[in-house]
Amino acid sequence: CKGFYRLLDHPALSAEVILEAHREGTLHRASGCGEKVLLAVQDTTTLNFSSREKLEGRGPIGGSEKTTGLHLHNTLLIGAQSGKVFGLLGAKIYARSPKTRKQQPPGSRNREPIEQKESHRWIESFGLAVDCAKRLRSEESEALVVSVGDREADIYELLKEAREHREQGVGLIGALPAQPSSVRGLRTSLGRFGEVSPARPPKAQSAPYAWDPSTRS
């Protein structure tokens, strides 16, 4: 047990190092799996450490300042046909700063660059799906990788990113029903989305569109 604690305290060990090894295992299991469509499902959950007062690095995770912990944004790779779980492509662990939010003038967060917003995690996860598709293609896999998010992922910058990669074997689905009953429900949703033209924000250069993976030749 003490040896494990020493391992965790080692300066060379980090969450990124652990996740990289897990990501390699995920990609290895997905390679040659025979799936035509792989779902890179992303979502955020909270880890409540309110009772761990000595734990450093916690932040608010609810409406009360007394409720503290961490946020965890996972990207899980699943076979659309079989429902098989291959593993995590990545996980972002972070804590919110209560002081930063209190000091911000009203509306200032909306004017921040997307890279400085917490919502950038959805774009980072889409990047993991892109990397997954590139890796599988390099190993002669024809599987389509579809990044899946809920309504919180319905942001212009993510749609723009998806448009730029639409010819690289990567798709995007957002605003799914709140509680899809199964992977079958996700597969059904794949066929319900076609080409759309979202309203363009004032500072954006061009209006992107989502695309229907079922139309891929």
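Residues numbered from 1 in each chain as written. Predicted model: local features only at pLDDT ≥ 70, side-chain atom pairs only at ≥ 80, totals over all residues. Heavy atoms only, no water.

Visitor: Just checking my understanding: could you explain the overall build of the protein for this structure?
Guide: Each helix and strand in the protein was counted, giving six helices and six strands. Along the protein, helices (α) and strands (β) appear in the sequence α-α-β-β-β-β-α-α-β-α-β-α when read from the amino end. Taking as baseline every contact in the protein between residues at least 6 positions apart, the subset at least 24 positions apart corresponds to 67%. (Helix = DSSP H or I, 4+ residues; strand = E, 2+ residues; numbered from the N terminus. Contact = heavy atoms within 4.5 Å.)

Visitor: It is not clear to me how the pattern of salt bridges should be interpreted in this structure. Could you clarify?
Guide: Proximity of charged atoms lets side chains of opposite charge pair with each other. A full pass over the atoms with the stated rule returns eight salt bridges. A salt bridge links Glu-24 to Arg-135, with the shortest nitrogen-to-oxygen separation between them at 3.0 Å. Of this pair, Glu-24 sits in helix H2 (residues 15–30) while Arg-135 is found in helix H4 (residues 120–138), placing the two residues 111 residues apart along the sequence. Under the relative-accessibility criterion, Glu-24 is labelled partly exposed at 33%. With a shortest N-O distance of 3.7 Å, Arg-121 and Glu-118 are connected by a salt bridge. Assessed through its relative accessible area of 22%, Glu-118 is described here as partly exposed. One salt-bridge network, held together by shared partners, links Arg-96, Glu-118, Arg-121 and Glu-152. (Salt bridge = Lys/Arg side-chain N within 4 Å of Asp/Glu carboxyl O. Buried < 20%, exposed > 50% of the residue type's maximum accessible area, 1.4 Å probe, protein only.)

Visitor: Before we go on, may I ask you to explain the side chain of His-120 in this structure?
Guide: Within the secondary structure, His-120 sits in helix H4. Taking relative accessible area as the criterion, His-120 reaches 16% and is therefore assigned buried. Not counting residues within four places of it along the chain, the set of residues in contact with His-120 comprises Ile-114 and Glu-115.

Visitor: Sorry if this is basic, but what is going on with a nonpolar patch on the surface here?
Guide: A grouping of Phe-4, Tyr-5, Leu-7 and Leu-8 is seen on the molecular surface, where their side chains present a nonpolar patch of about 420 Å² in accessible area. Turning to its location among the elements, Leu-7 is positioned in helix H1 (residues 2–9). (Patch = residues over 30% accessible without salt bridge, like charges linked within 9 Å, V, L, I, M, F, W, Y side chains within 5 Å. Areas by Shrake-Rupley, 256 points an atom, 1.4 Å probe, with all protein chains shown as cover.)

Visitor: Would you explain the packing of H2 against H4 in this entry?
Guide: To describe two helices that pack against each other, one gives the angle between their axes and the distance between the axes. Two elements in contact, H2 and H4, have axes whose closest approach is 11 Å; the angle formed by their N-to-C orientations is 50 degrees. When the axis of H2 is compared with that of H4, the two are oblique. Here the hand of the crossing between H2 and H4 comes out right-handed. Here Arg-23, Glu-24, Leu-27 and Ala-30 of H2 come into contact with H4, specifically with Leu-128, Cys-132, Arg-135 and Leu-136. Here the residues of the contact of H2 with H4 are counted per class, giving five nonpolar, no polar and three charged. (Axes fitted to C-alpha atoms, helices over the stretch in contact; angles between N-to-C directions. Parallel < 35°, antiparallel > 145°, perpendicular 65-115°, else oblique. Left-handed = near helix turned anticlockwise from the far one by under 90°. Nonpolar A, V, L, I, M, F, W, Y, C, P; charged D, E, K, R; others polar.)

Visitor: Please explain the packing of aromatic side chains as it appears in this structure.
Guide: Two aromatic rings are characterised by how far apart their centres lie and by the angle between their planes. Counted by the stated rule, this structure contains zero aromatic pairs. The positively charged end of Lys-92 is found above the aromatic ring belonging to Tyr-94, 5.9 Å away from the centroid. (Phe/Tyr/Trp six-rings, centres within 6.5 Å; stacked < 30°, edge-to-face > 60°. Lys NZ or Arg CZ within 6 Å of the ring centre and 35° of its normal.)

Visitor: Hey, could you run me through the environment of Gly-34 in this one?
Guide: Turning to its location among the elements, Gly-34 is positioned in the loop between H2 and strand S1 (37–48). Judged by its relative accessible area of 69%, Gly-34 is exposed. Taking the C-alpha atoms as reference points, Gly-34 and Ser-141, 107 residues apart in sequence, are found 8.2 Å from one another.

That is the geometry; function is a separate question.
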